[in-house]
Structure formats: C-alpha cells, structure tokens
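Structural features, examined
So the chains spell out like this:
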Amino acid sequence: MPEPVSISLTVNGIAREGRCEPRKLLVDFIREDLELTGTHVGCEHGICGACTVIVNGEAARSCLMLAVQAEGAEILTIEGLAKDGKFHPLQEAFRQHHGLQCGFCTPGMLLTALDFLRVNPHPTELEIREGIAAVLCRCTGYQGIVKAVDAAAKELGRTTG
Amino acid sequence: MKPAKFEYHAPGSVDEAIALLGRYEGDAKVLAGGQSLVPLLNFRLSRPAALIDLNRIPSLAYIRADDGVVRFGAMTRQRTIEFSDVVRQRLPLLSEATRLVGHLPIRTRGTIGGSIAHADPSAEYPAILAALDGEVVVKGPKGERTVKARELFQTYLTTSLESDEVLTEVRLPAIDAGAGTAFEEFSRRHGDFAIIGIAAVIAGDGASCSMARLATAGAGPIPVRLRAAEEILERDGLGDAPIAAAAARAAELVDPDSDIHASSAYRKHLTGVLTERAVRRAMAKRGR
Ligand SMILES: Cc1cc2nc3c(=O)[nH]c(=O)nc-3n(C[C@H](O)[C@H](O)[C@H](O)COP(=O)(O)OP(=O)(O)OC[C@H]3O[C@@H](n4cnc5c(N)ncnc54)[C@H](O)[C@@H]3O)c2cc1C
Ligand code: FES
Ligand code: FES
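Residues numbered from 1 in each chain as written. Chains lettered and ligands numbered in written order. Predicted model: local features only at pLDDT ≥ 70, side-chain atom pairs only at ≥ 80, totals over all residues. Heavy atoms only, no water.

**Some details on the sheet that holds strand β5 (residues 69-73) of chain B**
Residues and elements named next belong to chain B. Read across the sheet, five strands follow the order β4-β5-β10-β6-β7 without closing on themselves; strand pairing throughout is antiparallel. On the outer flanks of this sheet lie β4 (63-66) and β7 (143-148), each paired with one strand and no other. Between one strand axis and the next, the sheet turns through 20° on average, direction left out of account. With five bridges connecting them, β5 and strand β10 (residues 166-173) associate as antiparallel partners. Paired with Val 70 across the bridge in β10 is Leu 172. Most of the contacts of helix α1 (residues 14-23) go to β10, to which it runs at about 125°, and overall it touches β6 (135-140) and β10. In this fold helix α8 (residues 124-131) packs onto β6 and β10, with an angle of close to 55° to the strand it touches most, β10. (Pairing = 2+ DSSP bridges. Helix = DSSP H or I, 4+ residues; strand = E, 2+ residues; numbered from the N terminus. Axes fitted to C-alpha atoms, helices over the stretch in contact; angles between N-to-C directions. Contact = heavy atoms within 4.5 Å.)

Below, the structure written as structure tokens:
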C-alpha cells in the first residue's frame, strides 16, 4: 500500500504544504487540498486545457502531473493573476472583449495566453489562434478571445516598453 | 477517472532507475513528461505497480552538438528543443516539426525520449528519427547499447526496449548546411496528432539531387522510410516528372490502416500529396 507523501510548494507566492497519495493529480491537489477551485478540471487527459497552470514559469496541464511531482515547484494559478485587487491586463482585455461566457475554460485560457505572450509578445492573429488552440472553449466561438489576447498583447507592449 | 494505486519513486540517477525497474520485474513504468502516460493512467488503460519518475535526474536533460551529430538527453523537453538555437541551425527539420507536437503547454513537459519510447505511429519525432537514420542510446542492467531507428520501432506503441531498460540519449545526424528540409503534416485541428506527416531532406544544386530523405508519420504501425521514392529523386533529379513519380511511389510504399480519423485509401492519397509538397518546400529552402 503506497504511503501518503508530504508535499511542499509555493502557490501564488505563498508557501503551502499538503499530504496525499502519490496517485493524486496536481489539479485535484490544488482544488481539494489547497482549496483553490479556480483551476478547473475537464477532460483529465490533456485535451481541453481547462486545468492549465503555470509551473516554474511555464504553462502546463495540471491533470497530467502528479501532485508529488510539484514538490519544490512554484505554481501560479488563476487566483494569483490579479495583483493588489487589480486585474492583469489579460483579465481586463477578456472582460472588455467578451473573451468569456460561462467561464469554464477561462482560467486555463488566461494562463495559456500569459505563457504564450511571454514567448511571443507581438503575435499575428494566426499565431494567437494557434496559441489558444491549446484550450477548448465551448461557448464563445473564440472570436472574443482572439481579440482579447490581441488587445492584451498591445497593452502589455505599451506598459512594458 | 483517476489513476489506480501505484508506488512512486523519483531516483536521482539512471543506475538507480534501472535497479528499481528490475525490482518490479516488468510491472513498473518509467515516467518522463507524462503527456502520454498520465492520460493512460487516468483512464486506467495502464495500471503499473510502480512509476519510476526520471524528472529528478538533471543529467538526462541536455543538447550537445559535436562531430556532425546532435545528442539529446532523453529528458530534454520538447519546449527546450523548440527554442534551441543549436537545433534551429543544425536540425531545422526538428525545429519545424516540434511546433506541430501538441501545444505549447504540452511541450513544456513532453520529452524527446518519451515521444520516441512511446512510439506513437502518428508522432513527429519517430518519423524524424527514421528519416535521418538516427539512433538512441539505451541503458539496462547489462550496460549500454545503441539502437538504430529501424531496429527500434516494432509496431504500434512498441519498441525493442526491454522493461528494465531506460532510453538515455537520442542522436540525430546534423543536416548539411546546404540541404533544405520540410515537415508537411495534415491534421484536423492545430495540435492534433498527424493523420499523415512527411519529413523531407533534399540536397543538391538546381535540379540535381545528391541526397533525398523521406519518412512518414501516421502511415502504418511504425514510421516508414520511403527509400524507393528517395531513389527516384536521387537518380532522376528534381524536375516535375520525377517529383510526381516519387510522390506516386511514396503512396504505393505505405499500407496504412483505416481508423476513426481517416480511411486507408485517404491516408495513401495524402502520403503522395504531402510527399510532393514536402519535397518542393525542402528544395526551395536549399542553400539558405
Ligand atoms: C493534447 C495532447 C496532444 C498531443 N499531440 C501530440 C502530437 O501532435 N504529436 C506528438 O508526437 N505527440 C503528441 N502528444 C504526446 C506528447 O508529445 C508526449 O509528450 C509524448 O508522446 C510522450 O513523451 P513524454 O515525455 O510525455 O512521455 P511519458 O508520457 O512520460 O511516457 C510515454 C511512454 O514512454 C515511456 N518512456 C518515457 N521516457 C522513457 C525513457 N527515457 N526510457 C524508457 N521509456 C520511456 C513511458 O514509460 C511511457 O510508456 C500529445 C499529447 C497531448 C496530451
Ligand atoms: S482537464 Fe487537463 S487538459 Fe482537460
Ligand atoms: S467560456 Fe464557456 S467554455 Fe469558454
């Protein structure tokens, strides 16, 4: 019988600890043990992207990582994206351009877009479409999301020079 | 669903990993990027007694170019390969194909060793290993051996690796600076596995062809090297007629299965069409 394992990691800048079986998925650990339910879980096999979080600076599927693998990691979830009560430019752009309806895909969409804009700060529309193809949205038809990511790219380019 | 119970080990060295694999006598699985294995665990299609996680072995992640060969540690992430200058210069074919592997968040975790050990017939990296005549280094209790692409892939999701062996390195011959390369792929959506993919390397001046390399993804249980089509180009050059003949030959050389995504006949047709596109695009990129 596998023993539960202890896990220490940093989530949204705060040191957190937990104990779980090795088979527990990171997404379930985040939601159930850390009680951060902003990270959603859809397909559990890497297709939908709802569970995407930032692990050590890069977007990854939290349904395809075991919680024990996150030992020592720095994780950013959707709860950590706004700073001091102020939306991140991506969140602001999604609000302005109707980048969401039901909101199920939105946490994964925002963190995927955050990583995408870091590696490609000045994307073309086609590149944005390819980038957000990593996350499925059943509501919006994507048009608002594409506009939002484009607007956020321009805003981030303006504010960071 | 959620994975069935397993014991978890994260060894700090390859030797330790091999010893652990031996201890479970075939009932343990190596965990690399987890982008193929964890879905199988979640669906309980795979229920190993133990997972041996390679993610805590830093010495397995590197890219080294020397003597005309680029060596990749098995745990090198697809994302690292995507943004590597060495790969862009020495193996542009691999750079291009990497952008077709799933999506950026998949490539954050997915590894070159895992993609090749998993041996999905629709995957890009096994086709490149076949096209370039690459090899892998495999380590087990009896020591190290190298395995050529054609001896590695056996059938769907099956390689000649033993259950207590670890794939430690992937070696790809660097592509000559003057040669052109292209990876053409058709899939229903960006980031999906290829219905058909064609890797092409073309060398030679003008209409002459000193070397052609062609291999498929998705056209059968293992990647298929299209040697007879390559020979047409090497013998008859890069005019419209030999390219059309090579493309027709390519379609004859494969025997794909039908599945939910495409019929066998459609895959054969695509093999011809994409071979022609890949050859033309690789030609146009020569000498750059
Ligand atoms: C949504 C999605 C889309 C994808 N699209 C594509 C695509 O278009 N093209 C593509 O090629 N792939 C695609 N993949 C798969 C992805 O590239 C995987 O990363 C890859 O197939 C497996 O690599 P991994 O490092 O994740 O290995 P894992 O999933 O950890 O392992 C896969 C298998 O290989 C074995 N293994 C791994 N490493 C070793 C080793 N060093 N020695 C011995 N055995 C080993 C494992 O035991 C396991 O059986 C996709 C995955 C997802 C989730
Ligand atoms: S829940 Fe992780 S990708 Fe769908
Ligand atoms: S807003 Fe509903 S799934 Fe995207």
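**Quick word on the confidence of the model for chain B**
For chain B, per-residue confidence averages 97 on the pLDDT scale, and residues scoring 70 or more make up 100% of the total. Interface predicted TM-score (ipTM) for the complex: 0.97; the corresponding pTM is 0.97. (pLDDT = per-residue confidence, 0-100.)

**Here's the deal with the sheet that holds strand β3 (residues 50-53) of chain B**
All names here are of chain B. Here we have three strands laid out as an open sheet, ordered β1-β3-β2, and parallel in their pairing. Edge positions in the sheet fall to β1 (7-9) and β2 (28-31), since each has one partner strand and no second. Adjacent strand axes in the sheet meet at a mean angle of 20°, parallel and antiparallel pairs treated alike. Sheet analysis places β2 next to β3, joined by four bridges and oriented parallel. Note on β3: the bridge partner recorded for Lys 29 is Leu 51. Where α1 meets the sheet, its contacts fall on β1, β2 and β3, and the angle it forms with β3 comes to roughly 170°.

**A few points about the interface of chain A and chain B**
Taken together, the contact pairs 31 residues of chain A with 30 residues of chain B. Both faces combined, the contact of chain A with chain B buries some 2600 Å², and carbon together with sulfur accounts for 59% of it. By the criterion of area lost to chain B, the three top residues of chain A are Arg 23, Leu 64 and Gln 69 of chain A, representing 25% of everything that side buries. Of all the elements in the fold, those that place two or more residues in the side of chain A that touches chain B are β4 (58-61) and α3 (106-119) of chain A. For the side of chain A that touches chain B, the element with the most residues is α3 of chain A, which contributes five residues. For the side of chain A that touches chain B, the residue count by class is 16 nonpolar, five polar and 10 charged. (Buried area = accessible area lost by both parts, 1.4 Å probe. Nonpolar A, V, L, I, M, F, W, Y, C, P; charged D, E, K, R; others polar.)

**With respect to helix α12 (residues 264-284) of chain B**
Residues and elements named next belong to chain B. Its 21 residues give α12 an end-to-end C-alpha distance of 30 Å, which sits within 8% of 30 Å, the value for a rise of 1.5 Å per residue. Considered for burial, the residues of α12 that qualify are Ser 264, Arg 267, Leu 270, Thr 271, Gly 272, Leu 274, Thr 275, Ala 278, Val 279, Ala 282 and Met 283. Turning to α12, the residues buried within the fold contact β11 (180-186), β12 (196-203), β13 (211-217), α10 (227-236) and α11 (240-253). (Expected span 1.5 Å × (residues − 1). Buried < 20%, exposed > 50% of the residue type's maximum accessible area, 1.4 Å probe, protein only.)

**Focus on the environment of Ile 106 of chain B**
Structurally, Ile 106 of chain B is set in helix α6 (residues 104-109). The contact partners of Ile 106 of chain B, leaving out residues within four places of it in the chain, are Gly 46 and Arg 61 of chain A together with Gln 35 and Gln 78 of chain B.

**So, the domain arrangement of chain A**
Residues and elements named next belong to chain A. According to the domain assignment, chain A contains domain 1 (5-80) and domain 2 (89-160). For domain 1 and domain 2, the distance between their C-alpha centres works out to 22 Å. Counting from both sides, the interface comprises 18 residues of domain 1 and, opposite them, 14 residues of domain 2. For the domain 1 and domain 2 pair, buried surface summed over both sides reaches about 1200 Å², with 64% attributable to carbon and sulfur atoms. (Domains from an automatic or database assignment.)

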